[in-house]
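Here is how the chains run, residue by residue.
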Amino acid sequence: MDVLLDVNIVLDLCAPRIPWHYQAQQAIVHAMQQGRRVWLYSGSVQTMIYTLQREIQRFRPQVSLRVAMQLALLTLDEFSQDKHWLSTLSTEGLGVFATDDPEDEQLIRAMDRFPANEMCLLTRDQKLLGKTTRAMTPEQFLALNIKPRSTDFLDLKTPHIELRPQLEGAFDQVLNSGWFILGKEAEAFEHEFAAYCEAEHCVGVGNGLDALHLILRAYDIGPGDEVIVPANTYIATWLAVSYAGATPVPVEPDERTYNIDPSLIEATITPQTKAIIPVHLYGQPADMDPINAIAASHGLKVIEDAAQSHGARYKGRRVGSLGDAAGFSFYPGKNLGALGDGGAVVTNNSELAEKVRILRNYGSQMKYHNEVKGFNSRLDELQAAFLRVKLRHLDEWNARRQQAANVYISQLTDADLTLPFVPDWAEPVWHLFVVRHPQRDALQKRLQQAGIGTMIHYPIPPQLQPAYAELGFSEGAFPLTEAIHREVLSLPMGPHLGGGINPAIAAIQQAL
């Protein structure tokens, strides 16, 4: 189980307090070695800093108050690395134990967000030990002899526990406003996400597929037209082209990056070609400069499929601002995920943005006045409010993904796996960490037996799906794509993977 640290345990380690620091350190190291997470309660930060500053001055009286406070802040900041922060609402817990410390009450309520078998409270406080059976001393925790934690492929609970007070505040704000579609939250998110993508405009829509579809519609791409797409992408990229009435024309990927190979694009261009949709697959940007150069020489539009790459950079520039327009998905599992479906169109083209705004809302700018045959595809106020909260944490969470990717790469360099390749010009955000192995299915089964969750992105390429049988592609038409789809395996990845990466690496090394 995970451990939540009471103030006294943190101070035992940071002060350090002898002899208690030794047992506390043993308990925390043991938890992290078993892939368990270590949590700090954000409501205790002031208490920890104040008490630590007092301890520093007590043993080093020559130190001034200002210097002691700086040392306390630095010490706590260093200690908090690789730990997770747990919050609760300011009103929760008050009055539960009428004569007790409200901070203790909130600490317990913060822990109660987790099921009893998922978290315990580490403390030496006898009052807390008597309040809940989930509180225990470091010695008692070590005596449990906890087993290694199974590593889920994707953890969607922990991020929302970390942000729950802010998310609940966003919910209350929308509920109190009484406005749920195309209101202030959606407008604010559009401004904030456009700025984040270093672009001029953002238009919130219902999902990532709609984002690509509406871009194509806004560019008047439809029946009789062709759109170049990667052969090895998720089928949504192709579906957007089909929804517009155009025909997807697949191109093989670069074997190193899995993104569309620019050197193969020009050979597929015909008089019917109207656009290229490069996909920033797995969170790594496609090589956009040669793609844009080809498009410019043939008068084609470049539409980024950025559904997996929120925050990634290409030669220092954010994805979403690298072509004529970009489509984003906010599906819950994305780097920037809503608590439901959502999507956005990002562009520097004001005319395109206005057309998409009309198309997403029944073809209307003014209620009951419909200029074109439009659609119902709007990012609702509640999801926009949630996304505004999560956008503020996106860079930090992407950095955590990068740390996990670094650990994978450093620990699995000598393993019998094909690891991801990152060009010098790319700054991926590791939506997925994808490896290749010739006996992929057997490897996945062994990892599953070891408690390590994995997924296959994607088992069947679009051109071999029954949905696209009319295009007439048979097996062998795209040999590299087919080889990739037979061998790729996505390892656990996410901003809250933490110590869970250690059991995954150990299991992979044993399974190979």
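Residues numbered from 1 in each chain as written. Predicted model: local features only at pLDDT ≥ 70, side-chain atom pairs only at ≥ 80, totals over all residues. Heavy atoms only, no water.

(A) Up close: the sheet that holds strand β12 (residues 317-318). What the three strands build is an open sheet, ordered β12-β11-β17; its pairing is antiparallel. In this open sheet, the two edge strands, each paired with only one partner strand, are β12 and β17 (426-427). Bridge count for strand β11 (residues 313-314) against β12 is two bridges, and the pairing is antiparallel. Bridged to Arg313 within β12 is Arg318. (Pairing = 2+ DSSP bridges. Helix = DSSP H or I, 4+ residues; strand = E, 2+ residues; numbered from the N terminus.)

(B) Focus on the sheet that holds strand β14 (residues 343-347). Read across the sheet, seven strands follow the order β6-β14-β13-β10-β9-β7-β8 without closing on themselves; strand pairing throughout is mixed. Because the sheet does not close on itself, it has two edges, and the strands there are β6 (201-205) and β8 (247-251). Neighbour-to-neighbour, the strand axes of the sheet open up by a mean angle of 25°, direction not taken into account. As paired elements, strand β10 (residues 301-305) and strand β13 (residues 325-329) share three bridges and run parallel to each other. Residue pairing across strands places Asp305 opposite Gly327, the latter belonging to β13. Of the strands in this sheet, β6, β13 and β14 are in contact with helix α14 (residues 350-360), which crosses β6 at around 15°. (Axes fitted to C-alpha atoms, helices over the stretch in contact; angles between N-to-C directions. Contact = heavy atoms within 4.5 Å.)

(C) Structural detail: unusual backbone geometry. Each neighbour pair has its own omega, and for Ala15 with Pro16 the value is -20°, a cis peptide bond. Omega for the bond connecting His457 with Tyr458 falls within 30 degrees of zero, at 10°, which places this linkage in the cis form. Tracing the backbone shows Tyr458 in the loop between α17 (440-449) and α18 (479-487). Phi is positive for Asp82, which is not a glycine, with a value near 70°. Note that Asp82 resides in the loop between α4 (65-79) and β3 (84-86). Owing to a relative accessible area of 58%, Asp82 belongs among the exposed residues under this scheme. Within the chain, Trp430 stands out as a residue other than glycine whose phi angle is a positive 55°. By secondary structure assignment, the location of Trp430 is in the loop between β17 and β18 (433-436). (Buried < 20%, exposed > 50% of the residue type's maximum accessible area, 1.4 Å probe, protein only.)

(D) Molecular detail of a nonpolar patch on the surface. The grouping of Phe171, Leu175, Phe180 and Ile181 at the surface amounts to a nonpolar patch, some 360 Å² of accessible area in total. The residue Phe171 is located in helix α9 (residues 164-177) in this model. For Phe171, a relative accessible area of 37% puts it in the partly exposed group. (Patch = residues over 30% accessible without salt bridge, like charges linked within 9 Å, V, L, I, M, F, W, Y side chains within 5 Å. Areas by Shrake-Rupley, 256 points an atom, 1.4 Å probe, with all protein chains shown as cover. Salt bridge = Lys/Arg side-chain N within 4 Å of Asp/Glu carboxyl O.)

(E) Structural view of helix α11 (residues 208-218). Across the 11 residues of α11, nine count as buried, placing the element largely inside the fold. By the N-cap criterion, in which a side-chain oxygen at the helix start approaches the backbone nitrogen of a residue two or three places on, α11 is capped by Asn207, the distance to Leu209 being 3.2 Å. One or two steps after α11, the chain reaches Asp220, where phi turns positive at roughly 60°. (Polar contact = N/O pair within 3.5 Å; in protein donor to acceptor, adjacent residues only side chain to side chain.)

(F) Geometry of the pattern of salt bridges. Evaluation of the coordinates by the stated rule reveals 26 salt bridges. For the salt bridge of Arg360 with Glu190, the shortest nitrogen-to-oxygen distance reads 3.0 Å. Separated by 170 residues along the polypeptide, Arg360 in helix α14 and Glu190 in helix α10 (residues 184-196) bring together distant segments of the chain. For the residue pair Arg360 and Glu190, the accessibility class agrees, reading buried in each case. Members of the salt-bridge network, linked through shared partners, are Asp12, Arg17, Glu55 and Arg124.

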